[in-house]
Amino acid sequence: MQKKEFSSHISNQLNRNLEELFNHILEMGGMVENQLDMALSALGNGDVKIAKEVVRFDKVINQAEMEIDRLCIRVLARQQPTASDLRLILATIRIAIDLERMGDEVCKLAKLVIKFHKTEPCTTASYAGYAELVDITTRSRDMLKTTLNAFARVSAEDAISILDQEEIVDQVYKKARKDVTEQFKKNPENVECLLEVMTALRASERLSDHALNIMESIIYLVQGKDVRNMDQERLTKFLENL
Amino acid sequence: MKEVTSFSMNSASDKLKLENEEIAIEVKDWNLYYGSKKALNGVTMKLPKNRVTAFIGPSGCGKSTLLRCFNRMNDLIDSVSVDGDILLYDENMYSKHMDVSALRRRVGMVFQKPNPFPKTIFENVCYGLRLQNVRDKQVLNETVEWALRGANLWEEVKDRLDENALSLSGGQQQRLCIARAIAIKPEVLLLDEPTSALDPISTLAVEELIFELKKDFTILIVTHNMQQAARVSDYTAFMYMGDLVEYTDTDTLFTNPKLKQTEDYISGRYG
Ligand SMILES: Nc1ncnc2c1ncn2[C@@H]1O[C@H](COP(=O)(O)OP(=O)(O)OP(=O)(O)O)[C@@H](O)[C@H]1O
Ligand SMILES: [Mg+2]
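Computed from a prediction, not measured in an experiment: that's the story for all the values here.

Draft legend 1. Quick peek at the environment of A:D209. In this fold, A:D209 is placed in helix 7 (residues 191-223). A sequence separation of 33 residues divides A:D209 from A:A176, and the C-alpha atoms of the two residues are 17 Å apart.

Here you go:
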């Protein structure tokens, strides 16, 4: 399937609307990507100002989701899309939900920076898992970027390339949890900071889950196949035949 | 406590499968020519009983031609020649021994343009019964009411059954023709664009009627309205230039057709 097929309808109005949907998702995705970049920079430098910016930005992302819903409803009501057009609508609605949730998770990362700034003093020990947090967040951002490009090109092959990253994220996350748990025992006086780190770690791991959901939506769009909740074996088989 | 292990919404996830259906009509390698011009090209398909099967495809692809084959209406056209087999419950429709008027009683047809006879509403509906020499007044009355109710027309005409059918509106005439077709209780009902002349409300009424009627009849419908095919049918056949291109359950055809040609047609793309 190729993107240009979505602009080859006899109805130019439908062509325009579907093009708009693509653009809206890419724009919204770009916002979340940007939000993630800011969060990474806030995490790196402990920059509270940027962190607050990230939190404020969440509103805009929420609006984008509603805007996309509105457009989807309109296309459904007025143009009765079928086949891949219909799948595009459903995929778009789902992707917008995942992007909005990603925005929420990024906010949790930013709030960690704000908290750390307030809670004095956060000792070195309370930074257990912090490097992994940055690592997972960076990987999630890359996964998001990949899926957005895959969506723009309507390519399931491109989308599934994030699966390798997902595996690494899993391992890093497990290690980080272990490290933080150990610090809980060793430095119980840091419990407040460590809890914050744990929350942020979970948020960063959720980011990669949402990127994975977006991948699934793209597969649905391209292949018409719902791969959510497929067990690993069936999924691997399915992806091999892509 | 009962353990919940799976979730299933019947209407949404139970997919129809042709393999599981009882078959009313089977078409085998069916070809039709108008003179030397081939209009149907080796059509092979099984049409399930008590289901609605829709035929879609661009103008001139052979939908009406195929539909007319199912009650041998094409016999009336001199230039037509055919080969292949069409079975109605294992009986060959085109065998020498087939009684064609009996066949047409078993397979009724409603045309695109309503064509009531210039007679009373009552006489229109019991026309087929009179041909069968049914004289019993009570049987006639009951059948007329049943058929008019079935066609969703009874309430509108019950007080004017003696009026000329041509005084009805287009939509009423079309429902009258449906009543006339079902009055003889055929096994199969052929509908060739039955709502193309109707307003949206009458169209929905006829669609609702089709849904009701499939309990008792096997229904084959030709329609240019893709949304209508999607709404009323259980199976959809996409035809192109005399070929049966793709034929599957309607859910699949409208959400994930196999062939690009089908996709382009149903989603209104340049082929
Ligand atoms: N009586 C006839 N004599 C000669 N050719 C015919 C006759 N009826 C139909 N055809 C030709 O056979 C082909 C199929 O016609 P048919 O009426 O079956 O198409 P259709 O799919 O029903 O089209 P539409 O959607 O416009 O009703 C067309 O090329 C048509 O010109
Ligand atoms: Mg026709």
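Draft legend 2. Broad picture of unusual backbone geometry. Of note, A:N229 is a non-glycine position whose phi angle comes to about 60 degrees, a positive value. Here A:N229 is to be found in the loop between helix 7 and helix 8 (232-240). Even without being a glycine, B:D29 presents a positive backbone phi close to 40 degrees. Inspection of the secondary structure puts B:D29 in strand 1 (residues 23-34).

Draft legend 3. View of the site of ligand 1. Residues and elements named next belong to chain B. Close to ligand 1 lie 14 residues; S59, K63, S64, T65 and H224 are nearest. Taking S59, its side chain carries an N or O atom lying 2.4 Å from an oxygen atom of ligand 1. In the model, an oxygen atom of ligand 1 is placed 2.4 Å from a nitrogen or oxygen of the T65 side chain. The protein chains hide 66% of the 630 Å² of surface that ligand 1 would expose on its own. Of all the secondary-structure elements, those providing two or more residues to the shell around ligand 1 are strand 2 (37-48) and helix 2 (63-69). Per-element accounting of the shell around ligand 1 gives the leading share, four residues, to helix 2. Looking at side-chain class alone, the shell around ligand 1 contains four nonpolar, six polar and four charged residues.

Draft legend 4. Structural context of the pairing of strand 1 of chain B. Residues and elements named next belong to chain B. Bridge count for strand 1 against strand 2 is eight bridges, and the pairing is antiparallel. Paired with I25 across the strands is L47, a residue of strand 2. Between the antiparallel neighbours strand 1 and strand 2 lie two residues, among them G35 with a positive phi of about 60 degrees. With eight bridges joining them, strand 1 and strand 4 (residues 80-88) adopt antiparallel strand pairing. Residue pairing for strand 4: N31 is matched across the bridge by D83.

Draft legend 5. Geometry of the packing of aromatic side chains. According to the stated counting rule, one finds ten aromatic pairs over all chains in the structure shown. Plain terms: the ring middles of B:F117 and B:Y127 are 4.4 Å apart, the flat faces sit at 45 degrees to each other, and that makes the pair tilted. In this pair, B:F117 sits in the loop between strand 6 (107-110) and helix 4 (121-125) while B:Y127 sits in helix 5 (residues 127-131), placing the two residues ten residues apart along the sequence. A centroid spacing of 6.4 Å and a plane angle of 55 degrees characterise the contact between B:Y235 and B:Y247, whose relative ring orientation is tilted. Linking B:Y235 in strand 9 (residues 235-240) with B:Y247 in strand 10 (residues 243-249), this pair joins segments that are twelve residues apart in sequence. Comparing B:Y235 with B:Y247, the two get one shared label, buried. What links up through ring pairs into an aromatic cluster is the set A:F6, A:F22 and A:F151. Positioned above the aromatic ring of B:F117, the side-chain terminus of B:R180 is 4.2 Å from the ring centre. When the ring centre of A:F6 is taken as origin, the NZ or CZ atom of B:R269, which lies over that ring, is 5.6 Å away.

Draft legend 6. Region of the structure containing the pattern of salt bridges. Residues and elements named next belong to chain B. Going through the model one piece at a time under the given rule, you end up with 31 salt bridges over all chains. One salt bridge in this structure joins R231 and E207, with 2.7 Å as the shortest N-O distance. One end of the pair, R231, is in helix 10 (residues 226-232); the other, E207, is in helix 9 (residues 200-213), with 24 residues separating them in the sequence. Judged by relative accessible area, E207 falls into the buried class, the value being 6%. One network of salt bridges, in which partners are shared, links E145, R149, E155 and K158.

Draft legend 7. Broad picture of the sheet that holds strand 1 of chain B. Residues and elements named next belong to chain B. The antiparallel open sheet is built from four strands, whose spatial order is 2-1-4-5. Each having just a single partner strand, strand 2 and strand 5 (91-92) make up the two edges of the open sheet. Pairing of strand 4 with strand 5 involves two bridges; the strand directions are antiparallel. If you follow L87 over to strand 5, its bridge partner there is N92.

Draft legend 8. View of the confidence of the model for chain A. Across chain A, pLDDT averages 93, with 97% of residues at or above 70. By mean pLDDT, the top-scoring element of chain A is helix 4 (residues 130-152) of chain A (97), and the lowest-scoring one is helix 8 of chain A (83).

Draft legend 9. Looking closely at the environment of A:M198. Residue and element names in this part refer to chain A. Considering the arrangement of structural elements, one finds M198 in helix 7. Sequence separation of M198 and A211 is 13 residues, and the distance between their C-alpha atoms is 20 Å. With residues near it in sequence (within four places) discarded, M198 still touches R177, V180, T181 and F184.

Draft legend 10. A look at the sheet that holds strand 8 (residues 218-222) of chain B. Residue and element names in this part refer to chain B. Spatially, 6-7-8-3-9-10 is the arrangement adopted by the six strands of the open sheet, whose pairing is mixed. In this open sheet, the two strands that pair with only one neighbour each are strand 6 and strand 10. Strand-to-strand twist in this sheet, taken as the mean axis angle between neighbours without regard to direction, amounts to 15 degrees. With five bridges joining them, strand 7 (residues 188-192) and strand 8 adopt parallel strand pairing. Paired with L190 across the two strands is L220, which belongs to strand 8. The strands touched by helix 8 (residues 170-183) within the sheet are strand 6 and strand 7, with strand 6 carrying the most contacts at an inclination of about 175 degrees. This element, helix 9, spans strand 3 (52-56), strand 7 and strand 8 of the sheet and lies at about 150 degrees to strand 8.

Draft legend 11. How the structure looks around the layout of surface pockets. Residues and elements named next belong to chain B. In this structure, the second largest pocket occupies an estimated 570 Å³ of space. Looking at the lining of the second largest pocket, the elements that each hand over two or more residues are helix 3 (100-106), strand 6, helix 5 and helix 8. By residue number, the principal contributor to the lining of the second largest pocket is strand 6, which donates four residues. Among the residues making up the lining of the second largest pocket, the classes are represented as eleven nonpolar, six polar and three charged.

Cut-offs and rules
Residues numbered from 1 in each chain as written. Chains lettered and ligands numbered in written order. Predicted model: local features only at pLDDT ≥ 70, side-chain atom pairs only at ≥ 80, totals over all residues. Heavy atoms only, no water. Helix = DSSP H or I, 4+ residues; strand = E, 2+ residues; numbered from the N terminus. Near = heavy atom within 4 Å. Polar contact = N/O pair within 3.5 Å; in protein donor to acceptor, adjacent residues only side chain to side chain. Areas by Shrake-Rupley, 256 points an atom, 1.4 Å probe, with all protein chains shown as cover. Nonpolar A, V, L, I, M, F, W, Y, C, P; charged D, E, K, R; others polar. Pairing = 2+ DSSP bridges. Phe/Tyr/Trp six-rings, centres within 6.5 Å; stacked < 30°, edge-to-face > 60°. Buried < 20%, exposed > 50% of the residue type's maximum accessible area, 1.4 Å probe, protein only. Lys NZ or Arg CZ within 6 Å of the ring centre and 35° of its normal. Salt bridge = Lys/Arg side-chain N within 4 Å of Asp/Glu carboxyl O. pLDDT = per-residue confidence, 0-100. Contact = heavy atoms within 4.5 Å. Axes fitted to C-alpha atoms, helices over the stretch in contact; angles between N-to-C directions. 1 Å grid on protein atoms, 1.4 Å probe; cavity = no way out; pocket = protein on both sides within 12 Å on 5 of 7 lines; lining within 4 Å. Points joined across faces, edges and corners; volume = space filled by probe spheres on them.

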